[in-house]
Every structure is written in C-alpha cells, then in structure tokens.
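Listed below are the residues making up each chain.
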Amino acid sequence: MSATATTPSGQPAGKPVRRVRHEVRDGLAVAAFSAVASSALAIALTLVVHLAG
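Residues numbered from 1 in each chain as written. Predicted model: local features only at pLDDT ≥ 70, side-chain atom pairs only at ≥ 80, totals over all residues. Heavy atoms only, no water.

Draft legend 1. Molecular detail of the overall build of the chain. Within the chain one finds 1 helix and 0 strands. Counting only residues that meet the buried cut, the chain has 2% of its 53 residues in that class. Only carbon and sulfur atoms are counted for the fraction: they give 68% of the accessible area of the chain, which is about 5000 Å². (Helix = DSSP H or I, 4+ residues; strand = E, 2+ residues; numbered from the N terminus. Buried < 20%, exposed > 50% of the residue type's maximum accessible area, 1.4 Å probe, protein only. Areas by Shrake-Rupley, 256 points an atom, 1.4 Å probe, with all protein chains shown as cover.)

Draft legend 2. Structural view of helix α1 (residues 20–52). Helix length check: α1, at 33 residues, gives a terminal C-alpha distance of 48 Å against a target of 48 Å (1.5 Å per residue), a fit within 8%. Trailing α1 by a residue or two, G53 shows a phi angle of about 155°, which is positive. (Expected span 1.5 Å × (residues − 1).)

Draft legend 3. Looking closely at a nonpolar patch on the surface. A grouping of V20, V24 and L28 is seen on the molecular surface, where their side chains present a nonpolar patch of about 310 Å² in accessible area. Structurally, V24 can be placed in helix α1. You can call V24 partly exposed: its relative accessible area is 44%. (Patch = residues over 30% accessible without salt bridge, like charges linked within 9 Å, V, L, I, M, F, W, Y side chains within 5 Å. Salt bridge = Lys/Arg side-chain N within 4 Å of Asp/Glu carboxyl O.)

Draft legend 4. Looking closely at the environment of R18. Assignment of secondary structure puts R18 in the segment before α1. On the accessibility criterion, R18 (45% relative accessible area) is partly exposed. Non-local contacts of R18, meaning those with residues more than four positions away in its chain, are made with E23 and D26. (Contact = heavy atoms within 4.5 Å.)

Laid out in structure tokens, this is it:
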C-alpha cells in the first residue's frame, strides 16, 4: 500500500488544488476592484473638468 497522498483524480497531491469556488471568488474580487477603480477615475476626471472650467 502506498503512503503517498493522492487527489480524487488519482494524481499525486503535490500542489494544492484550487476549487471552482476559489476561482469564482477571485473573479468577483477582480470585477469589484475594477468597478471601484473605474468609478473613482470617472469621479476624479469629472471633478477636474468641473473645477477647470
């Protein structure tokens, strides 16, 4: 009997497997950051244009 850990697919468990929920969570974090960054840039540009003239 082997004492080596394996994944459900039968491959050796060297590197931790990322689950779908981790990928989804990371994707949502990227989308949220992008939305906040875009909104902040739009507000900053609006303020600059308004103050300039």
